[in-house]
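Here's the letter readout for the chains.
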Amino acid sequence: MEKEEKAILSDESPEVINYRGVKAMPFIIGNETFEKLGTIGTSSNLMVYLTSVFNIKSVTTATLINIFNGTTNMAPLLGAFLSDSYFGRFKTLALASICSLSGMTVIMLTAAISKLHPPHCGTKETELCRGPTTSQLAFLLTGFGLLIIGAGGIRPCNLAFGADQFNPATESGKRGINSFFNWYYFTFTFAVMISGTFIVYVQSNVSWALGLGIPSCLMFVSCVLFFAGSRIYVKVKPRGSPLTGVAQVLVAASKKRYLKLPDHPELSLFSHVPTNYMNSKLPHTDQFRFLDKSAIITMEDQINTDGSASNPWRLCSMQQVEEVKCLMRVIPIWASSIIYHVAIVQQHTYAVLQALQSDRHLGSFEVPAASYSIFSMLSLTIWIPIYDRIVIPFLHKLTGKEDGITLLQRMGTGIVLSVATMLVSALILAGLSEAFNSIGQIEFYYKQFPENMRSIAGSFFFCGIAGSNYLSGFLVSVVHQITLNGARGGDWLPEDLNKGKLDCFYYMIAALGAVNFAYFLVCSKWYRYKGGDRVEVAMETKGSRKHVV
């Protein structure tokens with residue numbers, strides 16, 4: 001339906017839209033590549049930058065970065081809402097790109113201008129170092145704020161905007177979308193590798209001003225490419241946020257909370273579905289039955305001539321209700337991702353601090369501390385084709401499932417690996433864990449959300465990481481304060497990690513992960529896949545088991 005609207009809005013056939021999509025790809029892919037190089041190049045080495053240039057203590061730095069990353073990952077939810085409801089993807093990306101460029105420039109200036117950061121320490125005793133002034137910290141945080149605004153607009157819109165350029169109803173459109181997705185993930189991996197090696201090396205060993213100036217220049221190129229293709233792009237107008245429909249169901253159910261549900265709700269409740277409705281038809285389910293009350297037709301409810309409800313805040317269709325149920329069923333599964341990502345977050349904070357205090361020399365070459373994070377990306381990159389080409393076909397023969405194992409089983413495997421990551425502090429295991437859980441999460445949200453909520457689905461993944469960042473910052477602060485004043489053992493997280501007990505902190509996160517895995521198993525057993533009733537009937541017909549987690 002979305003592509004049909006594009007053709008109507010632009011008076012162009014689907015073939016012309018696809019042709020324009022092909023012409024737009026160099027601009028969009030170029031924009032994506034340089035944007036990621038700029039963003040990752042700026043953020044990947046912040047732990048080292050804040051401790052070595054701004055002389056901020058490691059515990060404070062870890063907390064600050066967790067808050068920054070958490071807010072950065074929470075912002076896409078608001079960005080998706082504003083894009084869908086008011087601005088559209090093109091305007092949202094345009095504003096966000098400018099904000100990202102401004103934020104990178106501000107952070108670059110904190111390194112280039114001596115008055116914008118405290119003087120260099122010149123001694124290993126950090127207690128003698130002078131921290132940043134209020135104005136220096138405020139200028140730095142302004143840069144962080146601009147990056148957050150940029151991420152809030154870019155992350156929920158960039159994939160969808162690229163897909164907007166093609167019509168999936170045609171074969172050429174499908175090929176174009178698949179090609180774009182392949183290039184998108186390739187550019188992400190490429191950006192991580194370049195940022196984690198070359199840019200980080202320049203920052204740590206040549207000049208912070210130059211090392212942060214390079215991402216700013218790359219982001220400038222990204223903006224130029226984005227606006228250069230402006231006349232070619234297909235620009236879909238905002239159609240209103242799908243969250244409005246969610247709110248309508250909740251309000252209507254609340255208004256009718258005292259009504260009694262009929263014995264056969266699937267036969268007597270309001271079941272109108274608009275013509276050319278873009279979402280797949282969902283069967284009635286017994287979970288969250290209180291929401292069914294929003295579809296009870298009373299004497300006060302009026303029906304329009306086309307069959308729709310006159311007041312959608314009082315009467316909702318069963319299709320709307322089931323779509324809200326899809327969202328509510330996902331939330332408990334999503335909650336498990338918060339604790340899962342706490343283990344992954346440590347690879348960008350305390351794992352970097354560990355590397356700083358380690359012997360990183362390979363002959364005469366010293367590996368930058370922040371470059372250690374690329375090992376998890378390497379293991380993820382190597383594992384994905386192995387999993388896709390070897391593991392899935394093997395598991396398919398064993399289980400008979402198309403993907404070898406279910407999405408929830410894949411996510412559960414990732415949680416187990418995250419626990420193992422904390423027990424042995426292994427970057428390689430972190431990469432494997434993300435290959436199972438993080439990628440499984442993205443696919444899970446994409447498939448289980450209603451079709452018109454997929455921009456929200458993309459934001460859900462980032463919101464889980466945001467919760468992990470906030471929780472990690474909270475744990476670091478609490479553990480530091482409790483163990484610092486404790487009578488036994490001493491501070492777990494001192495400035496000099498060699499004098500602390502970082503292993504105990506990791507064991508604590510591993511224990512939380514084990515509890516989280518038990519919680520995930522309970523939620524998985526309870527969970528019902530979207531359209532599950534129809535799937536179960538089909539499986540019964542084939543003589544298979546009815547429900548498999």
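About the cut-offs
Numbering of residues starts from 1 in each chain and follows the order in which that chain's sequence is written. Local features are withheld for residues below a pLDDT of 70 in this predicted model, meaning they are given only at 70 or higher, and side-chain atom pairs are given and counted only at 80 or more; totals for whole chains, interfaces and linings count all residues. Note that water and hydrogens are dropped before the side-chain values are worked out from all heavy atoms of the structure. A carboxyl oxygen of Asp or Glu within 4 Å of a side-chain nitrogen of Lys or Arg is what we treat as a salt bridge. Note on conventions: DSSP H or I runs of at least 4 residues are helices, E runs of at least 2 residues are strands, and numbering of each starts at the N terminus. Working definition: with a 1.4 Å probe on protein chains only, accessible area under 20% of the residue-type maximum means buried, over 50% means exposed, and in between means partly exposed. Stacked, edge-to-face and tilted labels apply to pairs of Phe, Tyr and Trp rings (six-membered ring for Trp) whose centres lie within 6.5 Å, assigned for plane angles under 30 degrees, over 60, and everything in between, in that order. Think of it as a cone above the ring: NZ of Lys or CZ of Arg counts as a charge over the ring if it is within 6 Å of the ring centre and within 35 degrees of the ring normal. UniProt positions are given in the numbering used here, feature names are shortened, and annotations may be inferred rather than shown by experiment. Residue contacts are counted whenever heavy atoms from the two residues lie within 4.5 Å of one another. In this analysis, the protein atoms alone were mapped onto a 1 Å grid. Cavities are point sets where a 1.4 Å probe fits without being able to get out; pockets are open sets with protein on both sides within 12 Å along at least five of seven lines; lining residues have an atom within 4 Å of a point. Grid points are joined across faces, edges and corners, and a volume is the space filled by probe spheres set on the points. Think of it as three bins: nonpolar holds Ala, Val, Leu, Ile, Met, Phe, Trp, Tyr, Cys and Pro, charged holds Asp, Glu, Lys and Arg, and polar takes everything else, Gly as well. A residue's pLDDT is the predictor's confidence in that residue, given on a scale from 0 to 100. Residues belong to a common nonpolar core when they are buried Ala, Val, Leu, Ile, Met, Phe, Trp, Tyr or Cys residues joined through side-chain atoms within 4.5 Å. Domain extents, as shown, originate in an automatic or database domain assignment. Only residues above 30% relative accessible area that lack a salt bridge enter a patch, with like-charged residues linked at up to 9 Å and the nonpolar side chains Val, Leu, Ile, Met, Phe, Trp and Tyr linked at up to 5 Å. Note on areas: Shrake-Rupley with a 1.4 Å probe; residue coverage comes only from the protein chains shown. Here, expected helix span is obtained from the residue count minus one, scaled by 1.5 Å. What the bend at a residue measures is the angle between two axes, fitted to the seven residues ending there and to the seven starting there. Angular values range over 0 to 180 degrees, each being the angle between N-to-C directions of two axes fitted as lines to C-alpha atoms, with helices fitted over their stretch in contact. Working definition: roughly parallel below 35 degrees, roughly antiparallel above 145 degrees, roughly perpendicular at 65 to 115 degrees, and oblique for all remaining angles. In this scheme, a crossing is called left-handed if the near helix is turned counterclockwise away from the far one by less than a right angle; it is called right-handed if the turn is clockwise.

A. Representation of the pattern of salt bridges. Under the counting rule described, the total for this entry stands at nine salt bridges. Salt-bridge contacts for Glu443 lead to Arg410; the nearest nitrogen and oxygen are separated by 3.7 Å. Taken together, the residues span a long stretch of sequence, with Glu443 in helix α14 (residues 427-448) and Arg410 in helix α13 (residues 407-424) at a distance of 33 residues. Residue class for Arg410 comes out buried when judged on its relative accessible area of 11%. Here Lys447 makes a salt bridge to Glu443, at a shortest N to O gap of 2.7 Å. With Lys447 and Glu443 both in helix α14 and four residues apart, this pair spans about one turn of that helix. Under the relative-accessibility criterion, Lys447 is labelled partly exposed at 36%. Each member of the salt-bridge network shares a partner with another, and the members are Lys256, Glu300, Asp301 and Arg314.

B. Looking closely at the packing of aromatic side chains. This model, assessed by the stated rule, comprises 23 aromatic pairs. Note on Phe90 and Tyr233: the rings are 6.0 Å apart at their centroids and 55° apart in plane angle, and the pair reads as tilted. Of the two residues, Phe90 sits in helix α4 (residues 58-112) while Tyr233 sits in the loop between α7 (208-228) and α8 (243-255), which places them 143 residues apart along the sequence. Measuring from ring centre to ring centre gives 5.7 Å for Phe461 and Phe462, while their planes differ by 70°; the resulting arrangement is edge-to-face. The rings of Trp334, Phe444, Tyr445, Phe449, Phe460, Tyr527 and Tyr529 are connected pair by pair, giving a single aromatic cluster. Across from the ring centre of Phe90, 4.2 Å away, lies the NZ or CZ of Lys235, which sits over that ring.

C. Just the UniProt feature "transmembrane region" (unreviewed entry) in the chain, in detail. Within this structure's numbering, the places UniProt gives as "transmembrane region" (unreviewed entry) are residues 93-114, 134-154, 183-202, 208-229, 369-387, 407-432, 453-471 and 505-522. For residues 134-154, the helix share is 100%, the strand share is 0%, and the end-to-end C-alpha distance is 30 Å. Across residues 208-229, helical content stands at 95% and strand content at 0%; the span's end C-alpha atoms are separated by 33 Å.

D. Expanded view of the side chain of Ser294. With respect to the helices and strands, Ser294 occurs in the loop between α9 (265-268) and α10 (318-345). A relative accessible area of 0% means that Ser294 is categorised as buried. Not counting residues within four places of it along the chain, the set of residues in contact with Ser294 comprises Val249, Ala252, Ala253, Lys256, Arg314, Leu315, Cys316 and Val321.

E. Structural view of empty space enclosed by the protein. One pass over the full model with this rule turns up three cavities of 30 Å³ or more. Empty space within the largest cavity amounts to approximately 80 Å³. Ile28, Asn31, Glu32, Glu35, Leu93, Ser97, Ile154, Asn158, Phe161 and Phe226 together form the lining of the largest cavity. Elements supplying a minimum of two residues to the lining of the largest cavity: α2 (14-43), α4 and α5 (134-164). Ranked by residue count, the leading element in the lining of the largest cavity is α2, at four residues. Taken together, the residues that form the lining of the largest cavity break down as five nonpolar, three polar and two charged.

F. Fine view of the confidence of the model for the chain. The pLDDT averaged across the chain works out to 82; a share of 87% of its residues lies at or above 70. Of the regions scoring below 50 in pLDDT, residues 1-11 engages in 25 contacts with residues more than four places distant in sequence or in other chains. Here residues 533-549 is modelled with pLDDT under 50, and outside its nearest four sequence neighbours on either side it reaches 24 contacts, counting other chains as well.

G. Molecular detail of the nonpolar core. Val330, Ile333, Leu408, Phe444, Tyr445, Phe449 and Phe460 are the most contacted members of the largest nonpolar core, which has 42 residues in total. Those elements giving two or more residues to this core turn out to be α8, α10, α13, α14, α15 (454-484) and α16 (502-526). Per-element accounting of this core gives the leading share, 10 residues, to α10. Looking at which domains feed residues into this core, each of domain 2 (242-324) and domain 3 (325-533) supplies at least three.

H. Summary view of a nonpolar patch on the surface. A cluster of nonpolar side chains, contributed by Phe375, Leu378, Ile382, Ile386, Ile390 and Ile428, occupies part of the molecular surface with about 520 Å² of accessible area. If you tally residues by element for the nonpolar patch, the top one is helix α12 (residues 374-399), at five residues. Tracing the chain through its elements places Ile390 in helix α12.

I. Layout of α5. Between its first and last C-alpha, α5 extends 45 Å over 31 residues, near the 45 Å set by a 1.5 Å rise per residue. Maximal helix bending in α5 amounts to about 45°, located at Cys157.

J. A look at the packing of α4 against α7. Contact geometry of α4 with α7 gives a least axis separation of 8 Å together with a crossing angle of 160°. Compared by their axis directions, α4 and α7 come out roughly antiparallel. For α4 against α7, the interelement crossing comes out left-handed.

K. Representation of unusual backbone geometry within the structure. Phi at Asn55 takes a positive value of approximately 55°, unusual for a residue other than glycine. Under the relative-accessibility criterion, Asn55 is labelled buried at 13%. In the Ramachandran plot, Phe288 falls in the positive-phi region, its phi being about 50° despite a non-glycine side chain. Structurally, Phe288 can be placed in the loop between α9 and α10.

L. Inspection of the environment of Met74 at higher detail. Topologically, Met74 is positioned in helix α4. We classify Met74 as partly exposed; its relative accessible area is 34%. Residues Met74 and Ser459, 385 residues apart in the sequence, show an inter-C-alpha distance of 7.7 Å.

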